[in-house]
Structure formats: C-alpha cells, structure tokens
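Residues per chain, in single letters:
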Amino acid sequence: QVQLAESGGGLVQTGDSLTLACAASGGTFSRYAVGWFRQAPGKERELVAAISWNNMKTYYRDSVKGRFTISRDNAENTMHLQMNNLNIEDTAVYYCARELHQFGLGGDPRFFGSWGQGTQVTVSS
C-alpha cells in the first residue's frame, strides 16, 4: 500500500511562488500516473495537475496553465508542483495522489485512488 506525504505548503502573498513536494513510500510509484488535487473551503476537490507514469504527458486545469509546473523523479519516488504567480483563488489544501491502475496518463480525476494527507496553501493579498 503506497503512502504519500506532502510538504511545502504555507502562507504566501499574491504573486509569490511556492513549491510543493510529494514523497511516496511503501508501494510502487514509477508505473503510475500521479497528480495534485486541491480543495478549497466549501468547494469540491479538483484535479490541478497530473503527469503520466512515463513523464511523457502532463495535464493542467485551465486556471493554472502557465503558472504551475508538475514534475516527477521516479528514481527518488518524488513529485513536485512548482506554483508561480499565486493568487487568492489558489488557496486550498493540496493533495498528492496516485492512480489506481498502472501505466495511466493522469488526465481523468476518477482514476485516482491513493491520497496523501494534504498540505495547506494560503495566498493573501
């Protein structure tokens, strides 16, 4: 059973940058698509960015395109989300997640089934 642990959240100001990290342990990481979700108060959890198992394909929701960059290091079982030009609407708890089945592309939020505990990102004006 894979365990995912996020780190790097915090309180920043509008326009600042932040990098989130996700470390996987206890299970296979490299053969699965992984991604970042977020959930703001009173809103549903949404897929923010994802990357295929082989690093060949990425997905970004429209609101973060050009500002966020997802990356993974299969040798280290880690994943990162570089977030630039943050705005108030980016405030949420961010979760890293892994797909349920191997060799996926990561673009469909329904296929994710392993979650971390989350890290809070708060953007103030």
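The rules behind each value
- Residues numbered from 1 in each chain as written.
- Predicted model: local features only at pLDDT ≥ 70, side-chain atom pairs only at ≥ 80, totals over all residues.
- Heavy atoms only, no water.
- Disulfide = S-S within 2.5 Å.
- Helix = DSSP H or I, 4+ residues; strand = E, 2+ residues; numbered from the N terminus.
- Core = buried A, V, L, I, M, F, W, Y, C linked by side-chain atoms within 4.5 Å.
- Buried < 20%, exposed > 50% of the residue type's maximum accessible area, 1.4 Å probe, protein only.
- Contact = heavy atoms within 4.5 Å.

## Describing the state of the cysteines
Under the definition given, this model contains one disulfide. Here Cys22 engages in a disulfide with Cys96; their sulfurs sit 2.2 Å apart. Sign of the S-S torsion, about 55 degrees for the bond between Cys22 and Cys96, identifies this disulfide as right-handed. With Cys22 in strand 3 (residues 18–25) and Cys96 in strand 9 (residues 92–99), this residue pair connects regions lying 74 residues apart in the sequence.

## What about the nonpolar core?
With 27 residues, the main nonpolar core has Trp36, Phe68, Ile70, Met79, Leu81, Met83 and Tyr94 as its most contacted residues. If you list the elements that add at least two residues to this core, you get strand 3, strand 4 (34–39), strand 5 (46–51), strand 7 (68–73), strand 8 (78–83), strand 9 and strand 11 (119–124). In terms of residue count, the dominant contributor to this core is strand 3 (four residues). Setting aside chain neighbours within four positions, we find Met83 in contact with Asp16, Ser17, Leu18, Leu20, Arg67, Phe68, Tyr94 and Val121.

None of the figures reported here should be taken as evidence of function without further support.
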